[in-house]
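# Analysis of the macromolecular model
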Amino acid sequence: KLQPLVDTARIGMLGQSFGTPTSITLHPNIKSLVLMGSFGHVKEIMKNLFGDGYNPTGISTRVTSEGETVNLNPVFWSDFENHDILKSIKLVKCPVLFIHGGGDDIVPVSEMETLFDLTNEPKEKLVIEGADHGLDPKRNEMCEAVVNWFAKTL
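Quick look at the structure, then. Model, not experiment: these values are computed from the prediction.

### Let's talk about the packing of aromatic side chains
- One pass over the full model with this rule turns up eight aromatic pairs.
- Ring centres of Phe76 and Phe80 lie 5.0 Å apart, and the angle between their planes is 80 degrees; this geometry places the pair in the edge-to-face category.
- Look at Phe98 and Phe116: their rings are 5.8 Å apart centre to centre, the planes differ by 75 degrees, and that puts the pair in the edge-to-face class. Taken together, the residues span a long stretch of sequence, with Phe98 in strand E5 (residues 96–101) and Phe116 in helix H5 (residues 109–118) at a distance of 18 residues. Like Phe116, Phe98 is buried.
- Site record: aromatic cluster; members linked through ring pairs are Phe18, Phe50, Tyr54, Phe76, Trp77 and Phe80.
- Here the basic side chain of Lys123 rests over the ring of Phe116, its NZ or CZ set 4.5 Å away from the ring centre.

Set out below in structure tokens:
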């Protein structure tokens, strides 16, 4: 063991936003999973996010709300063809908690609902009303839900 203080039988993982399809695709051998701001139709959500800056054959560009420029090459978009998130979620065998902001204007709550419906039991979902995609200004409520979930499932 590289980390003798880590109980490898009690590992939980949290994925947020674009980290959720990655977490689902990996479906690692863990004991518990939390997915926040999750989506299964990755290419469509990302394409909408980039809007007019979407260019599947060249450089796609987007300016974030913080004023940072994000540039993506065409390989980013073509790689989505290699992954079926809606199929992969069915392979996840651990308890899953879905958390989504009710005021999320980047990923609709319906994306989380689609994934939730395909997920094996045990599973739970929490829509935090008044929270955005980053779960602001309700991050304390989100943190409490995550801590409680891991306390229950790990």
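Here the narrative resumes.
### Some points on the side chain of Lys123
- Turning to its location among the elements, Lys123 is positioned in strand E6 (residues 123–128).
- Buried within the structure, Lys123 lacks any salt-bridge partner; Glu121 is the closest side chain of opposite charge, at an N-O distance of 4.4 Å.
- Only 2.9 Å separates the side chain of Lys123 from the backbone oxygen of Thr119, close enough to count as a polar contact.
- Not counting residues up to four positions away in its chain, the partners in contact with Lys123 are Val96, Phe116 and Asp117.

### Examining unusual backbone geometry
- Of note, the amide linkage connecting Glu121 to Pro122 takes the cis form, showing an omega dihedral of -5 degrees.
- Locating Pro122 in the fold gives a position in the loop between H5 and E6.
- With omega at -5 degrees, the peptide bond leading from Asp136 into Pro137 counts as cis.
- Considering the arrangement of structural elements, one finds Pro137 in the loop between E6 and helix H6 (139–153).
- Its identity as a non-glycine residue notwithstanding, Ser17 has a phi of 55 degrees, on the positive side.

### A short note on the environment of Ala145
- By the element assignment, Ala145 lies in helix H6.
- Sequence-wise, Ala145 and Ile99 are 46 residues apart; in three dimensions their C-alpha atoms are separated by 8.5 Å.
- Residues contacting Ala145, with those up to four places away along its chain left out, are Leu97, Ile99 and Leu126.

### Structural notes on the environment of Asn73
- One can find Asn73 in the loop between strand E4 (69–72) and helix H3 (74–78).
- For Asn73, a relative accessible area of 39% puts it in the partly exposed group.
- Considering only alpha carbons, one finds Asn73 and Pro108, 35 residues apart in sequence, at a separation of 25 Å.
- Setting aside residues no more than four positions away along its own chain, Asn73 makes contact with Gly58 and Ile59.

### Thoughts on the nonpolar core
- Counting residues in hydrophobic clusters, the biggest one holds 23 residues, and the most contacted among them are Leu33, Leu35, Met46, Trp77, Ile89 and Phe98.
- Elements supplying a minimum of two residues to this core: strand E2 (32–36), helix H2 (42–50), E5 and H5.
- No other element matches H2, which puts four residues into this core.
- Other than its neighbours up to four places away in sequence, Leu35 contacts Gly15, Thr20, Ser23, Ile24, Ile89, Val96, Leu97, Phe98 and Ile99.
- One finds Ile99, Ala145, Val146 and Phe150 within the second-largest nonpolar core, a separate group that totals twelve residues.

Calculation notes
Residues numbered from 1 in each chain as written. Predicted model: local features only at pLDDT ≥ 70, side-chain atom pairs only at ≥ 80, totals over all residues. Heavy atoms only, no water. Phe/Tyr/Trp six-rings, centres within 6.5 Å; stacked < 30°, edge-to-face > 60°. Helix = DSSP H or I, 4+ residues; strand = E, 2+ residues; numbered from the N terminus. Buried < 20%, exposed > 50% of the residue type's maximum accessible area, 1.4 Å probe, protein only. Lys NZ or Arg CZ within 6 Å of the ring centre and 35° of its normal. Lys, Arg positive; Asp, Glu negative; His and termini not counted. Salt bridge = Lys/Arg side-chain N within 4 Å of Asp/Glu carboxyl O. Polar contact = N/O pair within 3.5 Å; in protein donor to acceptor, adjacent residues only side chain to side chain. Contact = heavy atoms within 4.5 Å. Core = buried A, V, L, I, M, F, W, Y, C linked by side-chain atoms within 4.5 Å.

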